[in-house]
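# Geometric and topological summary
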Amino acid sequence: MNILTRYIAAAYLRIFGLCLAAFIAIYLVIDFLEKIGRFLRFQPLWTDIIHFFLLKIPEIFTQVVPLAVLMATLLTLGLLSRNSEITAMRGCGISLARISAPILAIACGVSLLTIVTNEFVLPETYQKMRYIEEVLIRKQSYNTFFRQNNIWHKDGNTIMMARLFDPARQTLGGITLWNFAKGLRPIKRIDADSATREKQQWVLHRVTVRELGKDGITATTKAADFPTALSLTIEDLKVVDKYADNMGFLKLKEYIRKLRRGGYETTRYEAQMHAKISLPFASLIMAFLGIPFALRGGRSSGIAVGIGASIAIGFAYFITNSILISFGQTGVLPPFVSAWIANLLFALSGVWLAMTVTR
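Residues numbered from 1 in each chain as written. Predicted model: local features only at pLDDT ≥ 70, side-chain atom pairs only at ≥ 80, totals over all residues. Heavy atoms only, no water.

Looking now at the environment of Val64. Structurally, Val64 can be placed in helix H3 (residues 57-82). C-alpha separation for the pair Val64 and Ile24, spaced 40 residues apart in sequence, amounts to 7.2 Å. Each residue touching Val64, except ones within four places of it in the same chain, is listed here: Leu20, Phe23, Ile24 and Tyr27. (Helix = DSSP H or I, 4+ residues; strand = E, 2+ residues; numbered from the N terminus. Contact = heavy atoms within 4.5 Å.)

With that settled, the discussion passes to helix H11 (residues 335-356). The end-to-end C-alpha separation of H11 is 33 Å, in line with the 32 Å expected for 22 residues at 1.5 Å each. At Ile341, H11 shows its largest kink, close to 35°. (Expected span 1.5 Å × (residues − 1). Bend = angle between axes of the 7 residues up to and from the residue.)

A few words now on the pairing of strand S3 (residues 158-166). Within S3, seven of the nine residues are buried, which leaves the element mostly enclosed by the surrounding structure. Sheet analysis places S3 next to strand S4 (residues 171-181), joined by eight bridges and oriented antiparallel. Considered in S4, the bridge of Met160 is made with Leu177. (Buried < 20%, exposed > 50% of the residue type's maximum accessible area, 1.4 Å probe, protein only. Pairing = 2+ DSSP bridges.)

In this section: the environment of Phe16. Counting through the fold element by element, Phe16 comes out in helix H1 (residues 3-40). Linking Phe16 and Thr73, residues 57 residues apart in sequence, is a C-alpha distance of 7.9 Å. Setting aside its immediate chain neighbours within four residues, Phe16 contacts Val65, Ala68, Val69, Ala72 and Val110.

Turning to the nonpolar core, a few remarks are in order. Of all hydrophobic cores here, the largest spans 50 residues; its most connected members are Phe16, Leu20, Val69 and Leu77. Looking at this core, the elements that each hand over two or more residues are H1, H3, helix H4 (85-91), helix H5 (96-137), helix H9 (282-297), helix H10 (303-330) and H11. At 14 residues, the largest contribution of residues to this core is made by H3. In contact with Leu20, not counting residues within four places along its chain, are Phe61, Val64, Val65 and Ala68. The next biggest cluster of nonpolar side chains, apart from the first, holds 17 residues, and it includes Val207, Val209, Leu230 and Ile234. (Core = buried A, V, L, I, M, F, W, Y, C linked by side-chain atoms within 4.5 Å.)

Non-glycine residue Ser84 carries a positive phi angle of around 65°. The topology assignment puts Ser84 in the loop between H3 and H4. For Ser84, a relative accessible area of 26% gives the class partly exposed. Phi angles above zero are rare outside glycine, and Arg206 is one such case at about 55°. Along the chain, the position of Arg206 falls in strand S6 (residues 201-213).

As defined by bridge partners, S6 adjoins strand S7 (residues 216-228) across 11 bridges and the pair is classed as antiparallel. Paired with Thr208 across the strands is Lys222, a residue of S7. Where S6 folds back onto S7 in an antiparallel hairpin, the turn is made up of two residues.

Helix length check: H1 (38 residues) gives 53 Å between terminal C-alpha atoms against 56 Å at 1.5 Å per residue, within 8%. The principal kink in H1, of about 30°, is found at Glu34. Measuring from the backbone nitrogen of Leu4 back to the side-chain oxygen at the start of H1 gives 3.3 Å, which picks out Asn2 as the cap. (Polar contact = N/O pair within 3.5 Å; in protein donor to acceptor, adjacent residues only side chain to side chain.)

This part covers the packing of aromatic side chains. Each aromatic ring pair is specified by the distance between its two centres and by the angle formed by the two planes. Counted by the stated rule, this structure contains nine aromatic pairs. Residues Phe336 and Trp340 carry aromatic rings whose centres are separated by 6.3 Å and whose planes lie at 40° to one another, so their mutual orientation is tilted. With Phe336 and Trp340 both in helix H11 and four residues apart, the pair spans about one turn of that helix. On the basis of relative accessible area, Phe336 is assigned to the partly exposed category, the value being 47%. Taken together through their ring pairs, the aromatic side chains of Phe32, Phe39, Phe52 and Phe53 make up a single cluster. (Phe/Tyr/Trp six-rings, centres within 6.5 Å; stacked < 30°, edge-to-face > 60°.)

Further remarks concern the pattern of salt bridges. Tallied over the full model, the rule gives 10 salt bridges. Here Glu59 ties to Lys56 by a salt bridge, and the two come within 3.7 Å at their closest N and O atoms. With respect to burial, Glu59 and Lys56 carry one shared label: buried. For the salt bridge of Arg210 with Asp191, the shortest nitrogen-to-oxygen distance reads 2.7 Å. Taken together, the residues Arg210 in strand S6 and Asp191 in strand S5 (residues 185-198) connect sequence positions 19 residues apart. The exposure class of Arg210 is partly exposed, given its relative accessible area of 27%. Judged by relative accessible area, which is 16%, Asp191 ranks as buried. In the salt-bridge network here, residues are joined through shared partners; they are Asp31, Lys35, Lys56 and Glu59. (Salt bridge = Lys/Arg side-chain N within 4 Å of Asp/Glu carboxyl O.)

Now the structure itself:
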């Protein structure tokens, strides 16, 4: 790495760090003001509230980092142009590609870091945030939780396990219930293919009931339908649907495989799965788009222009991307196409801008 590359990279990283910190701070302040009133009604410990918002930082990072990359790109090149440093570099025979290379390399690294964060960090922080909000702050029971695509629910002397939940049809699949006597001795096991919520109760379908004694199974019966009075509600299960947004790519892929095996519609989740890879590359796209945009401005590019342009381009990208992904979730577009087409469109815009830059 030569001196020029280090100089551009250092200047870019300084501004990028400031932009990222500013976006995270603004997001935290707004989120804090929105939630603190509701939280204080439950009289929680301030340490739990602080822990909750600290755990939210990785999620905020993945959402605002493309805007930070774009703003840092525009501001860095704008300041270099304003100080005539770009002109000096070009006068020494340095190409625009070489000037842009450190910025693109850093943006690519940020995209890969975002993928790693989505895959390994966000699922864990989301689980901890949910526990803090529901149990420590809102003082709710934590009987229902979702881990590795399995749903567990404890209701008195009954424990239920369901392999999957289909939010669209509001059904559970692959269900097993255990009834326990005192001392946690199992007395009954109920297996069902599926369950639906009907008239304030769950109705199990295609059921096998096994009575358990001290020496093993004492009786086995089968039934087409079997009502059970579990306190589990659809509201409790909505967290499963929300959790899909915070799954990593590999876990969501496995969840889709299980849904397909159970005969459920997976188009919605397929679009989300492909977006797990396409969205992190928004940082690279923003840098690629921002470089020619900043260089076109020349010495007139300043801080106000950079901030305004980055916000406008960033919002245009995310609105376009959200609309296209929603098309993929509803089946209007193929899931893969809906996840990547926004990146393609903005990348082509960057190519067009690069072709119009005075060389």
